[in-house]
Number of protein chains: 2
Amino acid sequence: MNLFPNAKILDVNLSSGEIITRTLPGEIYRLYPGGSALGLYLALQEMEPGIDPLSPENMLVFSVSALTALPISGISRLTVTAKSPLTGTMGDSQAGGFFPVHFKANGWDAAVFRGKSDKPVYLYIDGDKVTLKDASKAWGKITGEAEDVIREEVGDKDIEIAQIGPAGENLVKYACIINMCNRANGRNGMGAVMGSKNLKAVVVKKGKPMKAYDNEKFQALAKSVKERLEENEAVAGLGKYGTDGDLEGFHEEGFLPTNNWTTGHFPEGAKNITGTTMYETILKERDTCYACAVRCKRVVEIPGVVDPLYGGPEYETCATLGSYCGVTSLETVSLANQLCNMYGLDTISCGATISFAMECYEKGLITDKDTDGLVLKFGNNEVVPTIVEKIAKREGLGDLLAEGSYRAAQKIGKEAIPLSMSVKGQELPAHMPQFKPAVGLIYAVNPFGADHQSSEHDVFLVMPEDSRERQRLAQLGVWKGYDNPFVIDEEKVRFALDSQKYFSVLDTLCLCQFVWGPAWELYGPDDMVNLCKYGLGWDTSIYELMLVGERRINMMRYFNAREGFSKADDKLPERIFEPFKDGPSKGVCVDKKAFEEAKELYYALAGWDQETGNPTDTVLKKLSLGWLLEKK
Amino acid sequence: MNLFPNAKILDVNLSSGEIITRTLPGEIYRLYPGGSALGLYLALQEMEPGIDPLSPENMLVFSVSALTALPISGISRLTVTAKSPLTGTMGDSQAGGFFPVHFKANGWDAAVFRGKSDKPVYLYIDGDKVTLKDASKAWGKITGEAEDVIREEVGDKDIEIAQIGPAGENLVKYACIINMCNRANGRNGMGAVMGSKNLKAVVVKKGKPMKAYDNEKFQALAKSVKERLEENEAVAGLGKYGTDGDLEGFHEEGFLPTNNWTTGHFPEGAKNITGTTMYETILKERDTCYACAVRCKRVVEIPGVVDPLYGGPEYETCATLGSYCGVTSLETVSLANQLCNMYGLDTISCGATISFAMECYEKGLITDKDTDGLVLKFGNNEVVPTIVEKIAKREGLGDLLAEGSYRAAQKIGKEAIPLSMSVKGQELPAHMPQFKPAVGLIYAVNPFGADHQSSEHDVFLVMPEDSRERQRLAQLGVWKGYDNPFVIDEEKVRFALDSQKYFSVLDTLCLCQFVWGPAWELYGPDDMVNLCKYGLGWDTSIYELMLVGERRINMMRYFNAREGFSKADDKLPERIFEPFKDGPSKGVCVDKKAFEEAKELYYALAGWDQETGNPTDTVLKKLSLGWLLEKK
């Protein structure tokens, strides 16, 4: 066989309606084997710096990986890439579901969307038959209704739809892309970019799974998931209680972001909105992505209030639309989650922006005049769903909040700025740097703003040395154990960077971190190599894969440097460095000096310039990215 | 199980006679899991900079690895480490045979020798029973006779002996350590260090192989060697013709170092001294190291001249004692090889130093007065064995040449200096940088002087993309193919550095590169990981292993920096940059500018300071070597 399969790329010019097929040779595809690595490669070939993210010049890329469509757990992930209207950096967002695998099953590795359609359209993919269709009937509709319209028009039930809701149409800066009405490419506002192009949806005809290169060994690998799943409590817990299973535990330790991060405990509501409560009350069923044995997805139902079509809230959602806002009701959280999925909003930025507005209101920085009389107080449950809808529709205060907390703060005034809990304009997810300083470091330096899925979490390092998780991490040369997780030292920085590279591999190969994460039980680094070998005949090693991961991160930083980003943008909100005033974590904060030192060391280990935080020519050359320098 | 087994270290104070047992905890041993990584770790704990390599302050370390004694091909390798009297750097030298596996089978991972015995001794190891014995009867004897003396004294046939010959006793700067009378820890003058301590030999009682952690999988891995061996021509060729099989081919291409590197072709003698001729004439049998299926070792016999006890010449020896000196007779080469093994001399430095002397003689820089009438002309076959003996005994001109070509040149005078084909005082092996520029780069930057076994050779990159060799290298992210091997560009530098790291893993785990090399047929990177898993229960990855390899290189560079070495010492002899005047390679040379640029990039990729070429604090921290900085 050849070293690597070629990539087949759909290139759609929405301005002209022209659709062409491009082939990327295997020797190039192997360097950028999927996800945003592929998206970045395509964008950096031609996209100029300084463009408006919502202009036709932005390139929106849907991509999967060379592995997607293999029938195994944790494999069905879609990446969407474009310059982000929220952060101004290269944007990157992943979603699960069934869409990704069927996109690939049609023979495509990526779809590039450029230009802007003069009227709403959707793209229909049936193998090599690819057509742009009029979306005027679906435009303006919430996701569930738009699905019905499209299904009826296409006249085929065997389709998967990734679409934007009204929020994307209205260019809400954190609008998402939704498939199955409940799986979101949530972050970085990729839905707004799609909306700016008048692209309502991408529709794929369902296809068949890929045939594994060595089917016998592949099946044995896939089979082992089930066995390991049955043996492992953490995985079983994730399956049973979902990602929200730990919410109450975070509160008990004092690290559940509450009331816009002013405290880490939430005695009023943590118990109500935690995963075990969800399991015992409104959980209707557990849903799964394609071929996945974990079944972590929630489906909740509250008759007359919450429709199971829109899934159920993840941990992040229960926090951002819950504790961030002081919301004490699971019903409210579930309803707000449903509204986000109906309208196509990222629940994290949405909830965090509302909590920001609440603090502004409580501090008198915005008043009833600004809110049309809505009482934006922490704990005012009923106001949250109302505001979500206003944001999606850009009504009243919603129009301001649709810009995200960072831009809204600029408009509200100087005093509001420290209240925006964001990095590079993107709101913080619900993992506190005070508790997970390595994650906090990655929040700061991550190329597309604060993200909790771009590195491994510190907590694995407090596990026993002979635990499976620690042994997995040791495969990456991550050694040091910690009695408590609050430390950020030299070894922690290495851990942060190396695990960021590993997660970058996952996001390039479009693998789910809950299944393929470095410290996770299901598959470890060795298994990921075997997946590549048995699944694709790709004779690789973790060394090559880590280079892939590092390459993607560096391409992003390079992209950002062209846009004027530098070290000064790699910062955490000041609140992170201020000791908690109450609760079990009273007195705890991130030490600013230690954090700054960690950042310096991180740059050095990454091979980035100490003054600017941007990739050096050397590291670009090391990563086979010398061609970027020739383009300069 | 624990993360890694503990290391059991024998610590022998030759001054006091005290012998103690030290235990290195598994969490440290895993960072330095054998070979010179372990030797360096031990030395850097306590050895001060600036000591005389031949003083009692030098620490001589025999080490194997956590894997040694597993019954599988290519596993029985011994590393000897000490500050080198030849280079002044940290020295490092490997040998095969049966000694290494039996050393380990006695339960030991390393033996440290410190101080100096007041009379000649040898160490006898029988499990935990370790004794220093009087070596006065063996002292002064050639290796074969010393073996007999020791065997008789010990009164046990089931022993293995690693010893120095008279050259080591006489502190010849490139004296080696020999086991089985024909396996040499050849380079860097480790035999002189042993001699300076009055340590004649280390003797081990034969032991039993280690039990594999997962015997079933381990056996399957071991079995596959035989199968792959049968399928592969290159390996079969190595087995049949030995390492010398390619000598004539190098000559035909114009890259066989001849007449002290003044030309690359050797029409007068190449055919006589090549491996196929050896196979067809004097080869008595093929020998093997412990458990190895390759059988690359030569055993030659010329009745009345060459005794099979002393093995047979490798490629390097056929070149250095052959073409380097213009020697046209395989009998002469074999005899000179035997003398080196009898007296305990490194054949490479020995032959290269003689060829240097020959050029000095031809240029009139030394005369008959200096040579006691010996006619030191290229091609004067009979003079070579005579000079070898004089060097070992430090007689006449031999006393000067016992210092190596670099020190001899200093004494002879300015004009002689460019004639010493050495890096950091160590003579170049017989692979020409003009043909293998990546190897040439490594000659220059390698911490312990010119070495051909510290990185992969360029020639693999001209193989077809879908060849097994190229696919193996691609596992390390080494991509680019070349139509011709003469180029040194960005990708070649990456290849040089990454393959150097890989070879450094081999030299740490004490694995033979002909079996476990990165581009070799027998085992690839994935197999090395499996060896660790099945053999030891060490759940590792190539990523961790490459960190191990990088750590060893950086420890060496750090050691050297303390000794005052820097960028200025990373240079090739000027002759390499001068075009060949004749033969098939006429006009070819290494481009100096390209070489200097490659060196700069190499430093940058290695994370070393551009001004000094020494490891930065950052790279030391990355490699868990921060403790070195604390010691400063």
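Keep in mind the model is a prediction, meaning the values are calculated, not measured.

**Student:** What exactly am I supposed to notice about the packing of helix α24 (residues 542–562) of chain A against helix α24 (residues 542–562) of chain B here?
**Tutor:** How two helices sit against one another is set out by the angle between their axes and by the gap between those axes. One can describe the packing of α24 of chain A onto α24 of chain B by two numbers: an axis separation of 7 Å at closest approach and a directional angle of 90 degrees. For the element pair α24 of chain A / α24 of chain B, the angle class is roughly perpendicular. Facing Ile542, Tyr543 and Met546 of chain A of α24 of chain A, the residues of α24 of chain B in contact are Ile542, Tyr543 and Met546 of chain B. Residue classes in the contact of α24 of chain A with α24 of chain B are distributed as six nonpolar, no polar and no charged.

**Student:** In this structure, what is going on with the confidence of the model for chain A? I would like to understand it.
**Tutor:** Close inspection of predicted coordinates is inappropriate in any region flagged by low pLDDT. The share of residues in chain A with pLDDT of 70 or more is 100%, and the mean pLDDT across the chain is 95. For this predicted complex, the interface confidence score (ipTM) comes to 0.91, while the overall pTM stands at 0.94.

**Student:** Would you mind showing me how to read the environment of glutamate 268 of chain B here?
**Tutor:** Residues and elements named next belong to chain B. Structurally, glutamate 268 can be placed in the loop between α9 (247–253) and α10 (270–273). Here glutamate 268 falls in the exposed class, since its relative accessible area comes to 55%. Here the alpha-carbon distance between glutamate 268 and alanine 236, two residues 32 residues apart in the chain, equals 28 Å.

**Student:** In this structure, what is going on with the relation of the copies chain B and chain A? I would like to understand it.
**Tutor:** The operation relating the two chain copies consists of a rotation about an axis and a shift along that axis. For the match of chain B to chain A, the screw axis carries a shift of 0.0 Å, the RMSD comes to 0.0 Å, and the turn is 180 degrees. The relationship between the two copies is best expressed as a two-fold rotation axis. Within chain B, tyrosine 543 of chain B has its C-alpha nearest the rotation axis, a separation of 2.4 Å.

**Student:** Before we go on, may I ask you to explain the interface of chain B and chain A in this structure?
**Tutor:** Interface size is commonly expressed as the accessible surface area that is lost when the partners come together. Tallying the contact residues gives 38 residues for chain B and 38 residues for chain A. Mapped onto the side of chain B that touches chain A, the elements with two or more residues apiece are α20 (468–474), α21 (490–509), α23 (525–536), α24, α25 (592–606) and α26 (617–622) of chain B. In terms of residue class, the side of chain B that touches chain A is built from 13 nonpolar, nine polar and 16 charged.

**Student:** Any chance you could explain helix α2 (residues 35–46) of chain B here in plain terms?
**Tutor:** At 3.6 residues per turn, the α-helix brings residues three or four places apart onto the same side. Burial analysis of α2 of chain B places 10 of its 12 residues in the buried class, the great majority of the element. Those residues of α2 of chain B that fall on the buried side of the exposure criterion are Gly35, Ser36, Ala37, Leu38, Gly39, Leu40, Tyr41, Leu42, Ala43 and Leu44 of chain B.

**Student:** Teacher, can you tell me more about α24 of chain B here?
**Tutor:** All names here are of chain B. If you check α24, its first and last C-alpha atoms are 30 Å apart, about what 21 residues at 1.5 Å a residue would give, namely 30 Å. For α24, the tally of buried residues reaches 19 of 21 residues, placing the bulk of the element in the interior. The N-capping residue of α24, defined by a side-chain oxygen 3.1 Å from the backbone nitrogen of tyrosine 543, is serine 541.

**Student:** What is the right way to look at the sheet that holds strand β5 (residues 90–95) of chain B in this model?
**Tutor:** Either a parallel or an antiparallel arrangement is found when strands of a sheet pair, and the pairing is made through backbone hydrogen bonds. Residue and element names in this part refer to chain B. Reading across the sheet, the six strands line up as β2-β1-β6-β3-β4-β5 and stay open at both edges, with mixed pairing between neighbours. Each edge of the sheet is formed by a strand with only one pairing partner; in this case those strands are β2 (19–24) and β5. Put simply, the sheet's adjacent strands are angled 20 degrees from each other on average, direction ignored. Across four bridges, strand β3 (residues 60–63) lies against strand β6 (residues 110–114) in antiparallel orientation. Bridged to valine 61 within β6 is valine 112.

**Student:** I keep staring at the packing of helix α2 (residues 35–46) of chain A against α24 of chain A and nothing clicks. Help me out?
**Tutor:** Residues and elements named next belong to chain A. Here α2 crosses α24 at 40 degrees, and the two axes come no closer than 9 Å. Taken together, the axes of α2 and α24 lie oblique to each other. The two elements α2 and α24 cross, and the hand of that crossing is left-handed. Contact residues: α2 offers Ser36, Ala37, Leu40, Tyr41 and Leu44, while α24 offers Arg552, Met555, Met556, Tyr558, Phe559 and Arg562.

**Student:** Got a minute to help me understand unusual backbone geometry in this structure?
**Tutor:** Across the chain, the bulk of peptide bonds are trans and the bulk of non-glycine residues have phi less than zero. Residues and elements named next belong to chain A. Its identity as a non-glycine residue notwithstanding, methionine 180 has a phi of 60 degrees, on the positive side. With respect to the helices, strands and loops of the structure, methionine 180 is situated in the loop between β10 (177–179) and β11 (183–185). The backbone phi angle of arginine 295 is positive, close to 55 degrees, even though this residue is not glycine. Along the chain, arginine 295 turns up in the loop between β13 (283–287) and β14 (297–300). On the basis of relative accessible area, arginine 295 is assigned to the partly exposed category, the value being 34%.

Parameters at a glance
- Residues numbered from 1 in each chain as written.
- Chains lettered and ligands numbered in written order.
- Predicted model: local features only at pLDDT ≥ 70, side-chain atom pairs only at ≥ 80, totals over all residues.
- Heavy atoms only, no water.
- Axes fitted to C-alpha atoms, helices over the stretch in contact; angles between N-to-C directions.
- Helix = DSSP H or I, 4+ residues; strand = E, 2+ residues; numbered from the N terminus.
- Parallel < 35°, antiparallel > 145°, perpendicular 65-115°, else oblique.
- Contact = heavy atoms within 4.5 Å.
- Nonpolar A, V, L, I, M, F, W, Y, C, P; charged D, E, K, R; others polar.
- pLDDT = per-residue confidence, 0-100.
- Buried < 20%, exposed > 50% of the residue type's maximum accessible area, 1.4 Å probe, protein only.
- Least-squares fit on C-alpha atoms with pLDDT ≥ 70 in both.
- Expected span 1.5 Å × (residues − 1).
- Polar contact = N/O pair within 3.5 Å; in protein donor to acceptor, adjacent residues only side chain to side chain.
- Pairing = 2+ DSSP bridges.
- Left-handed = near helix turned anticlockwise from the far one by under 90°.

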